[in-house]
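Structure assessment
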Amino acid sequence: MHQSLVQIALVVNDYDEAIQYYTQKLKFELVEDTELSETKRWVVVKPKGGNGAALLLAKAASEEQKSRIGNQTGGRVFLFMHTDNFDRDYQNILVQKIKIINGPREEKYGKVLVFEDLYGNLWDLIEPSKPI
């Protein structure tokens, strides 16, 4: 049996601002941007060169969904991104003025820092000690 996690829905405030943030600041690639209706689009981004799950940028469509923007996990780290070059990506985070919550630091499992995206979601950036 083979299964894989291919997409994670991330509730966002606006499609275009989310696309700009993830593609310009985090250097993700835009995989798809398809209009489904006047108010809904199917927008998918993913880290360049990655073969893991992509993000489905889902615009909040109700007040309840809007209340979850930036806090889909109750304040815990939500997304974990592995890198093959921590220093390169750390420098990009600094240049892009992305808010670092803690780190960088060395842990048994590798180099790590926690950063916050434009909506307040917390991410771990990790270069594993063992090759990815």
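Procedures and definitions
- Residues numbered from 1 in each chain as written.
- Predicted model: local features only at pLDDT ≥ 70, side-chain atom pairs only at ≥ 80, totals over all residues.
- Heavy atoms only, no water.
- Salt bridge = Lys/Arg side-chain N within 4 Å of Asp/Glu carboxyl O.
- Helix = DSSP H or I, 4+ residues; strand = E, 2+ residues; numbered from the N terminus.
- Buried < 20%, exposed > 50% of the residue type's maximum accessible area, 1.4 Å probe, protein only.
- Pairing = 2+ DSSP bridges.
- UniProt positions renumbered as here; feature names shortened; annotations may be inferred.
- 1 Å grid on protein atoms, 1.4 Å probe; cavity = no way out; pocket = protein on both sides within 12 Å on 5 of 7 lines; lining within 4 Å.
- Points joined across faces, edges and corners; volume = space filled by probe spheres on them.
- Contact = heavy atoms within 4.5 Å.
- Polar contact = N/O pair within 3.5 Å; in protein donor to acceptor, adjacent residues only side chain to side chain.
- Axes fitted to C-alpha atoms, helices over the stretch in contact; angles between N-to-C directions.

Things to note about the pattern of salt bridges
In the structure shown here, the tally under the stated rule is eight salt bridges. When the shortest N-O distance is used, the salt bridge between Asp16 and Arg41 registers 3.0 Å. Of the two residues, Asp16 sits in helix α1 (residues 15-25) while Arg41 sits in strand β3 (residues 41-47), which places them 25 residues apart along the sequence. Under the relative-accessibility criterion, Asp16 is labelled partly exposed at 47%. Here Lys66 and Glu63 are joined by a salt bridge, their closest N and O atoms 3.7 Å apart. Taken as a pair, Lys66 and Glu63 lie in helix α2 (residues 63-68) at a separation of three residues, close to a single helical turn. Three or more residues are tied together by salt bridges with common partners; here these are Asp16, Asp33 and Arg41.

Notes on the pairing of strand β4 (residues 54-59)
Of the strand pairs in this sheet, strand β1 (residues 7-12) and β4 are connected by six bridges, and their pairing is parallel. Bridging across to β4, Gln7 finds its partner in Ala54. Linking β3 to β4, which pair antiparallel, is a turn of six residues; within it Gly49 sits at a positive phi near 75 degrees.

Remarks on the UniProt feature "domain: VOC" (unreviewed entry) in the protein chain
If you check UniProt for "domain: VOC" (unreviewed entry), the listed places come out as residues 4-128 in our numbering. Secondary structure within residues 4-128 divides into 22% helix and 44% strand; the distance between the first and last C-alpha atoms comes to 21 Å.

Things to note about the layout of surface pockets
In this structure, the largest pocket occupies an estimated 770 Å³ of space. Lining the largest pocket are 27 residues; nearest its centre among them are Phe28, Pro47, Gly50, Met81 and His82. Taken together, the elements giving at least two residues each to the lining of the largest pocket come down to β4, β5 (77-82), α3 (86-95) and β8 (122-128). Tyr15, Thr39, Lys40, Arg41, Trp42, Leu56, Leu57, Ala58, Lys59, Ala60 and Ala61 together form the lining of the second largest pocket.

Digging into α1
Every buried residue of α1 is accounted for by Tyr15, Ala18, Ile19, Tyr21, Tyr22 and Thr23. Contact partners of the buried residues in α1: β1, β2 (28-35), β3, β4, β7 (110-116) and β8. For α1, the side-chain oxygen to backbone nitrogen distance between the N-cap and Asp16 is 3.1 Å, and the N-cap itself is Asp14. Looking one or two residues past α1, Lys27 carries a phi angle of roughly 65 degrees, positive in sign.

Comments concerning the environment of Ala9
Tracing the backbone shows Ala9 in strand β1. According to the relative accessible area criterion, Ala9 is partly exposed, its value standing at 44%. Sequence separation between Ala9 and Val43 is 34 residues; the distance between their C-alpha atoms is 9.9 Å. In contact with Ala9, not counting residues within four places along its chain, are Leu56, Gln72 and Phe78.

Looking at the sheet that holds β1
Strands pair in a sheet through their backbones, by hydrogen bonds, and they do so in one of two ways: parallel or antiparallel. One open sheet accounts for four strands, arranged β1-β4-β3-β2; its pairing is mixed. Sheet topology places β1 and β2 at the edges, where each strand pairs with a single neighbour. Averaged over all adjacent pairs, the angle separating strand axes in this sheet is 25 degrees, with direction ignored. Set on the sheet, α1 makes contact with β1, β2, β3 and β4; between it and β3 the angle comes to about 10 degrees.

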